[in-house]
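Coordinates in review
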Amino acid sequence: NAGVMQNPRHLVRRRGQEARLRCSPMKGHSHVYWYRQLPEEGLKFMVYLQKENIIDESGMPKERFSAEFPKEGPSILRIQQVVRGDSAAYFCASSMRQGYTEAFFGQGTRLTVV
Amino acid sequence: AQSVAQPEDQVNVAEGNPLTVKCTYSVSGNPYLFWYVQYPNRGLQFLLKYITGDNLVKGSYGFEAEFNKSQTSFHLKKPSALVSDSALYFCAVREIKAAGNKLTFGGGTRVLVKP
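Residues numbered from 1 in each chain as written. Chains lettered and ligands numbered in written order. Predicted model: local features only at pLDDT ≥ 70, side-chain atom pairs only at ≥ 80, totals over all residues. Heavy atoms only, no water.

Turning to the pairing of strand S11 (residues 109–113) of chain A, a few remarks are in order. All names here are of chain A. For S11, a buried count of four out of five residues is recorded, marking the element as mostly surrounded by other parts of the structure. The sheet contact formed by strand S9 (residues 88–95) and S11 spans three bridges and is antiparallel. Note on S11: the bridge partner recorded for Tyr90 is Thr109. (Buried < 20%, exposed > 50% of the residue type's maximum accessible area, 1.4 Å probe, protein only. Helix = DSSP H or I, 4+ residues; strand = E, 2+ residues; numbered from the N terminus. Pairing = 2+ DSSP bridges.)

This next bit is on unusual backbone geometry. Following Asn7 of chain A, the chain continues to Pro8 of chain A via a peptide bond in cis, the omega torsion being 0 degrees. Structurally, the position occupied by Pro8 of chain A is in the loop between strand S1 (5–7) and strand S2 (10–13).

The next point concerns the sheet that holds strand S7 (residues 65–68) of chain A. All names here are of chain A. Spatially, four strands are ordered S1-S3-S8-S7 in an open sheet, and the strand pairing comes out antiparallel. Looking at which strands have only one partner, the edges of the open sheet turn out to be S1 and S7. On average, each strand axis in the sheet is inclined to that of its neighbour by 15 degrees, with strand direction left out of account. Where strand S3 (residues 19–24) and strand S8 (residues 75–79) come together, five bridges link them in antiparallel fashion. When the sheet's bridge partners are listed, Cys23 is paired in S8 with Ser75. (Axes fitted to C-alpha atoms, helices over the stretch in contact; angles between N-to-C directions.)

The subject of this paragraph is the packing of aromatic side chains. In this description, a pair of aromatic rings is defined by centroid distance and the angle of the planes. The full count for this structure, using the stated rule, is 14 aromatic pairs over all chains. Aromatic side chains Phe105 of chain A and Tyr36 of chain B sit 5.2 Å apart centroid to centroid with 80 degrees between the ring planes, which places their arrangement in the edge-to-face category. Here Phe105 of chain A, found in strand S10 (residues 104–105), pairs with Tyr36 of chain B, found in strand S5 (residues 31–38), and the two come from separate chains. In terms of burial, Phe105 of chain A and Tyr36 of chain B fall into one category: buried. Ring centres of Phe90 of chain B and Phe105 of chain B lie 6.2 Å apart, and the angle between their planes is 90 degrees; on these two criteria the pair is classed as edge-to-face. Placement of Phe90 of chain B in strand S10 (residues 87–95) and of Phe105 of chain B in strand S11 (residues 104–105) is noted, with a sequence separation of 15 residues between them. A single burial state applies to Phe90 of chain B and to Phe105 of chain B, both of which are buried. Aromatic rings pair up to connect Tyr35, Phe45 and Phe105 of chain A together with Phe34, Tyr36, Phe46, Phe90 and Phe105 of chain B into one cluster. (Phe/Tyr/Trp six-rings, centres within 6.5 Å; stacked < 30°, edge-to-face > 60°.)

The structure is reproduced here in structure tokens:
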């Protein structure tokens, strides 16, 4: 039973380019969460999605960031026109359902903007 | 709004000694509480959770945590630390009535276990 799979593990982008981060949740999980971790900081919630729906995007920057979780395929976090401040580790987590079940995390994508 | 505080940036302990990592939380209702561990360049691994019931929760790798409602704390403990326990530890809280598993994390505590 594969865990949460994120790719790529490392991504380097020049300022102004687009970054696409992918997350495949654990089998049977229909809830996906994205978090951002800046160096030496804790994780900050960005967005919560279920299949084809954004449930909570209160942590997403208003511009340049978007997320989707289509009916088929992985969840995508998209960052347009990246800036140096976007450099961070982006973690995806998934859970089976609402309620108290813990979320399982992927190994993250480390984005470096040069 | 919910919040989590981990007052210590780093905890140093000798191998074989007890380890405690502190966490306090703030939520408007009843909390779900979690501890995760992060090894270098890895994702977060789940250690344990408190939902309801016994205040002392036992988790993976010999860790346990004690929920104290009056002190709004959820300290992580291990009776005898190992060098391999050196990692970054995160406490997280989720408000019971909140939708999904949106977690609020503390800033993390780095644990260094010296041989």
